[in-house]
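Descriptive analysis of the structure
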Amino acid sequence: MNDVRDRSHRLNRVDGIARHGRLRRHRPLGTAVKVLSGVVAVALVSTASVTAIAAKQVTDDFGEGVRIQGQSAAPRPQQQAGPTLSAFEGGFTMLVVGTDNDPEQGTQYGERDATLNDVNILLHVSADHTNATAVSIPRDLVTPIPACAKPDGSGSTPAMAAEPINEAWGEGGLNCVVQTVQGLTGLDVQYSAAVSFNGVIEMSNAIGGVPVCVASPIHDRYTGLDLPAGTTTLQGSQALEFLRTRHGVGDGSDLGRISSQQVFLSSLLRTVKANSTLTSPPTLYKLARAAASNMQLSESLNDPRTLVGMGRALQDLPLDQVNFVQYPGTTGGTGVYEGKVQPTTELADELFTRIKADESFSLGAGSTGIGSESAPATPSPAAGAPAAQTPSAQTPSTQSPAAQTPAAPAPAAPGTPAASGTPSAPATADTLDGLQGQSAAQQTCSKAFGS
């Protein structure tokens, strides 16, 4: 699999400037949802009608959609009479891509000579809307990248046999990432979207922040993140810092960052289902405008009614039937896999076979990954006895621009039951052992680097 090739066909290469992957100081996490993760989760649970709230203004913000090979332009969910939209009919698969080099963000996050798709989250919702799976694909996962049409229409880039998946954006933008992911997973991606750092900030602001638990203080000088132990409500630049942090969590790797990001995503989904996001027209309006102004949407997704229809279909989806998982892979390989992530093909095949069949599943014990852990159960105090003080609980600092509450290591999002310490698998779901991830119902905390 000796596929090392001349990449001189790429644009924007500057001699003497290190590649993004080698920039230690400014190595961003193109992630979680880079935001996109956040973006997708929020968009999919929104239930009010954007059309009824200054629809024309929101639609104008969307602009032109991105042309994707194999995706139909602007399909619409079925509509009811009047401004209220019906739920999206049938299942769907969406790819959310987080990029790290938006020209509008300047050099705030470091100077890079290329744009990479550092976050790739594939979301599949079953046809009967009873279960959903979001698969985070590690940016360094080695996979074939097909020949892709160049965005400027000047031809195609050559196919590559084995490259990190985050090279796909540089070959052909969002379209090339979609084609690569379809080849890797065997799934037909019907919708796709891309978001950059600024989008993460605006989307988190639009929903009013996300409560996130960390098991012990997180300090990351590379992103500027400084969090006390316990629960902090994150939004704006601090939410971005949390999603980007790699050196601050787990073992300092991108795989640890993915599991930490899943702490944020699961809390985000619980939050928007529990608070007024689903019923507040002003909040939905802000969310729609933030998405439209900060995302590249495929032509198939480039309509607010499509996003809202998806949300209405999912508003009653049980949280324990939503799984956030990492694409199966291992490190420590040789050859083209040296320093990268090698796919675990057998387990991946089983995962995507179940996804294609719309089969729900639960995750095995200890699945949370190296960047997170299950939140310990909070014991009920004996009658008449004062509640025990959790040793790791601290009063959050005033650094956060968002509201912060006294933290406990086992926080529950508004409206959710107290954590049990372990995820409860759906009674009808089979366990799929070997995957790393968690259900949206599981209360988890990010693990600080080295803990």
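Here's what I pulled together on the structure shown here.

Conventions adopted
Residues numbered from 1 in each chain as written. Predicted model: local features only at pLDDT ≥ 70, side-chain atom pairs only at ≥ 80, totals over all residues. Heavy atoms only, no water. Salt bridge = Lys/Arg side-chain N within 4 Å of Asp/Glu carboxyl O. Helix = DSSP H or I, 4+ residues; strand = E, 2+ residues; numbered from the N terminus. Buried < 20%, exposed > 50% of the residue type's maximum accessible area, 1.4 Å probe, protein only. Phe/Tyr/Trp six-rings, centres within 6.5 Å; stacked < 30°, edge-to-face > 60°. Core = buried A, V, L, I, M, F, W, Y, C linked by side-chain atoms within 4.5 Å. Disulfide = S-S within 2.5 Å. Axes fitted to C-alpha atoms, helices over the stretch in contact; angles between N-to-C directions. Contact = heavy atoms within 4.5 Å. Nonpolar A, V, L, I, M, F, W, Y, C, P; charged D, E, K, R; others polar. Parallel < 35°, antiparallel > 145°, perpendicular 65-115°, else oblique. Left-handed = near helix turned anticlockwise from the far one by under 90°. Pairing = 2+ DSSP bridges.

Before going further, it helps to examine the pattern of salt bridges. Scanning the model with the defined rule gives four salt bridges in all. Of the charged contacts, one joins glutamate 299 and arginine 67 as a salt bridge, the two residues approaching to 3.0 Å between their closest N and O atoms. Of this pair, glutamate 299 sits in the loop between strand S13 (295–297) and helix H8 (304–314) while arginine 67 sits in the loop between helix H2 (55–62) and strand S1 (92–99), and the two are 232 residues apart along the sequence. For glutamate 299, a relative accessible area of 23% corresponds to the partly exposed category. Look at arginine 67 and you get exposed, because its relative accessible area is 58%. With its nearest N and O atoms 3.2 Å apart, the salt bridge here joins aspartate 118 to arginine 139. Of this pair, aspartate 118 sits in strand S2 (residues 117–125) while arginine 139 sits in the loop between strand S3 (132–136) and strand S4 (142–145), and the two are 21 residues apart along the sequence. With respect to burial, aspartate 118 and arginine 139 carry one shared label: buried.

Time to look at the packing of aromatic side chains. Two aromatic rings are characterised by how far apart their centres lie and by the angle between their planes. Per the counting criterion, the structure on display carries three aromatic pairs. Here the aromatic rings of phenylalanine 92 and tyrosine 191 are separated by 6.4 Å at their centres, their planes lie at 90°, and the arrangement is edge-to-face. Residue phenylalanine 92 is found in strand S1, and its partner tyrosine 191 is found in strand S8 (residues 191–195); the two are separated by 99 residues along the sequence. Both residues of the pair, phenylalanine 92 and tyrosine 191, belong to the buried class.

Locating phenylalanine 197 in the fold gives a position in helix H4 (residues 197–206). Residue class for phenylalanine 197 comes out buried when judged on its relative accessible area of 0%. Residues phenylalanine 197 and glycine 98, spaced 99 residues apart in sequence, show a C-alpha to C-alpha distance of 8.0 Å.

With 51 residues, the main nonpolar core has Phe242, Phe264 and Leu301 as its most contacted residues. With 35 residues, the next largest nonpolar core counts Cys176, Val177, Ile355 and Phe361 among its residues.

Applying the stated criterion across every chain, the model contains two disulfides. Covalent S-S linkage joins cysteine 148 and cysteine 176, the inter-sulfur distance amounting to 2.0 Å. Handedness here is read from the sign of the S-S torsion; for cysteine 148 and cysteine 176, about 65°, the answer is right-handed. Taken together, the positions of cysteine 148 in strand S5 (residues 148–149) and cysteine 176 in helix H3 (residues 168–185) put the pair 28 residues apart, joining distant regions of the chain.

As a further point, take the packing of helix H5 (residues 236–244) against helix H6 (residues 254–274). Where H5 meets H6, the closest approach of the two axes is 8 Å, and the angle between their N-to-C directions is 145°. Contacts between H5 and H6 involve Ala239, Phe242, Leu243 and Arg244 on the former and, on the latter, Arg257, Ser260, Gln261 and Phe264. Within the contact of H5 with H6, the residues separate by chemical class into four nonpolar, two polar and two charged.

Next up on the list: the packing of H4 against H5. Between H4 and H5, whose axes approach to 8 Å, the crossing angle comes to 125°. Taken together, the axes of H4 and H5 are oblique relative to one another. Here H4 runs over H5; the crossing is right-handed. Residues Phe197, Val200, Ile201, Ser204 and Asn205 of H4 form the contact with H5, whose own contacting residues are Gly236, Ser237, Ala239, Leu240, Leu243 and Arg244. Considered class by class, the residues forming the contact of H4 with H5 number six nonpolar, four polar and one charged.

This part covers unusual backbone geometry. For histidine 129, which is not glycine, the phi dihedral falls at a positive 60°. With respect to the secondary-structure elements, histidine 129 resides in the loop between S2 and S3. One non-glycine residue with positive phi stands out, namely aspartate 358, at about 60°. Residue aspartate 358 is classed as partly exposed on the basis of its relative accessible area, which comes to 23%.

In terms of burial, strand S14 (residues 322–326) is a largely internal element, five of the five residues being buried. The alternating pattern of S14 places Val322, Phe324 and Gln326 and Asn323 and Val325 on opposite faces, both of which are buried. Inspection of the sheet shows S14 paired to strand S20 (residues 437–439) by three bridges, in the antiparallel sense. Considered in S20, the bridge of phenylalanine 324 is made with glutamine 438.

Before going further, it helps to examine the sheet that holds S20. Reading across from one edge, S13-S8-S1-S2-S3-S14-S20 is the order of the seven strands in this open sheet, with mixed pairing throughout. The open sheet has two edge strands with one neighbour each: S13 and S20. Across this sheet, the average inter-strand angle for adjacent strands is 15°, counted without regard to direction. Here S8 pairs with S13 via three bridges, running antiparallel. When the bridges of S13 are listed, alanine 193 appears paired with leucine 297. Against the sheet, H6 touches S2, S3, S14 and S20, its axis set at about 165° to S14. The strands that helix H9 (residues 345–356) touches are S2, S3 and S14; relative to S3, the one it contacts most, it runs at about 145°.

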